Amino acid sequence: TGASLRFVLETVLIWIYVLYKKIALPVTSKEWCAGLIVGALSNGISFGVVYATSYDIPSGLGAVIFGTMPLWTAMISHFVFHSENLSPVRVFGIFLGILGIATIFYPQFDKVDSEHLWAMAIMLIAPIVSAISAIITKRSTQAVAPIMLNAITTAVGCIILGITALTRERWQDLSLNYTHIWTISFLAIVGTIVTFGIYFRLIKETSAVTMTYVAIITPVIAVLLGW
């Protein structure tokens, strides 16, 4: 429900902007399919998995698991893009980054027991589908404006998460306070509209693997902010 509320607000705001600015819609069926698939993978499935598993595993362990995203992206890119070969140096660098995250969050790992293994396995879905969505974005949406791609993907995520919330959770008992409202608003505007707008813009200009390194950088910033 929290994830769906975030995407409802974001979808409304971004589509108001898109319609006001009269930004062009995708032209080809390939671009539409790519946008819908990216939205389903990165916003629907990935966000849903992260929100759901955050109740059962420490945030640090979740950061380590999601930090494997560059590795999955590199492996898939190796077969999709001829210019992004899976070199030993690249693999070593990615593993070094993941090891760094594990080192930072190592004190949290004593909270993990065998009962949390299922949540860890499910959490692994998030970086894998996010890696696939990054590849699709790079390969099939070059002609789509970043803001339009953001609008399409958030709308798809809104639908998937909204349906899940309505059918799987007791949203009728929802009671929002000031903290909930400003948190959801911040995540919608800064955490998704602004962030994904930048992400979709930059992924058109650099490699998919390079863009996914953010999954390794983000936990370090989170530690500093938490401290």
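Residues numbered from 1 in each chain as written. Predicted model: local features only at pLDDT ≥ 70, side-chain atom pairs only at ≥ 80, totals over all residues. Heavy atoms only, no water.

Caption draft 1: Region of the structure containing the packing of aromatic side chains. Enumeration over the complete set of coordinates arrives at 5 aromatic pairs. Here Phe-47 and Phe-196 contribute two aromatic rings whose centre-to-centre distance is 6.2 Å and whose plane-to-plane angle is 45°, an arrangement assigned as tilted. In this pair, Phe-47 is assigned in helix α2 (residues 29-53) and Phe-196 in helix α9 (residues 178-203), connecting sequence segments 149 residues apart. Comparing Phe-47 with Phe-196, the two get one shared label, buried. (Phe/Tyr/Trp six-rings, centres within 6.5 Å; stacked < 30°, edge-to-face > 60°. Helix = DSSP H or I, 4+ residues; strand = E, 2+ residues; numbered from the N terminus. Buried < 20%, exposed > 50% of the residue type's maximum accessible area, 1.4 Å probe, protein only.)

Caption draft 2: Expanded view of the packing of α2 against helix α7 (residues 125-140). The N-to-C vectors of α2 and α7 enclose an angle of 160°; their axes lie 9 Å apart at closest approach. Considering the angle they form, α2 stands roughly antiparallel to α7. Note on packing geometry: the crossing formed by α2 with α7 is left-handed. Together, Lys-30, Glu-31, Ala-34, Ile-37, Val-38, Leu-41, Ser-42, Ile-45, Ser-46, Val-49 and Val-50 of α2 and Ile-125, Ala-126, Val-129, Ser-130, Ile-132, Ser-133, Ile-136, Thr-137 and Ser-140 of α7 make up the contact between the two elements. Counted by class, the contact of α2 with α7 contains 12 nonpolar, 6 polar and 2 charged residues. (Axes fitted to C-alpha atoms, helices over the stretch in contact; angles between N-to-C directions. Parallel < 35°, antiparallel > 145°, perpendicular 65-115°, else oblique. Left-handed = near helix turned anticlockwise from the far one by under 90°. Contact = heavy atoms within 4.5 Å. Nonpolar A, V, L, I, M, F, W, Y, C, P; charged D, E, K, R; others polar.)

Caption draft 3: Inspection of the packing of helix α1 (residues 2-21) against α2 at higher detail. Relative to each other, α1 and α2 sit at 140°, their axes nearing to 10 Å. As judged from the angle between their axes, α1 and α2 are oblique. Every residue of α2 that contacts α1 at Gly-2, Ala-3, Arg-6 and Phe-7 is listed here: Asn-43, Phe-47 and Tyr-51. Taken together, the residues that form the contact of α1 with α2 break down as 4 nonpolar, 2 polar and 1 charged.

On their own, these measurements won't tell you what the molecule is for.
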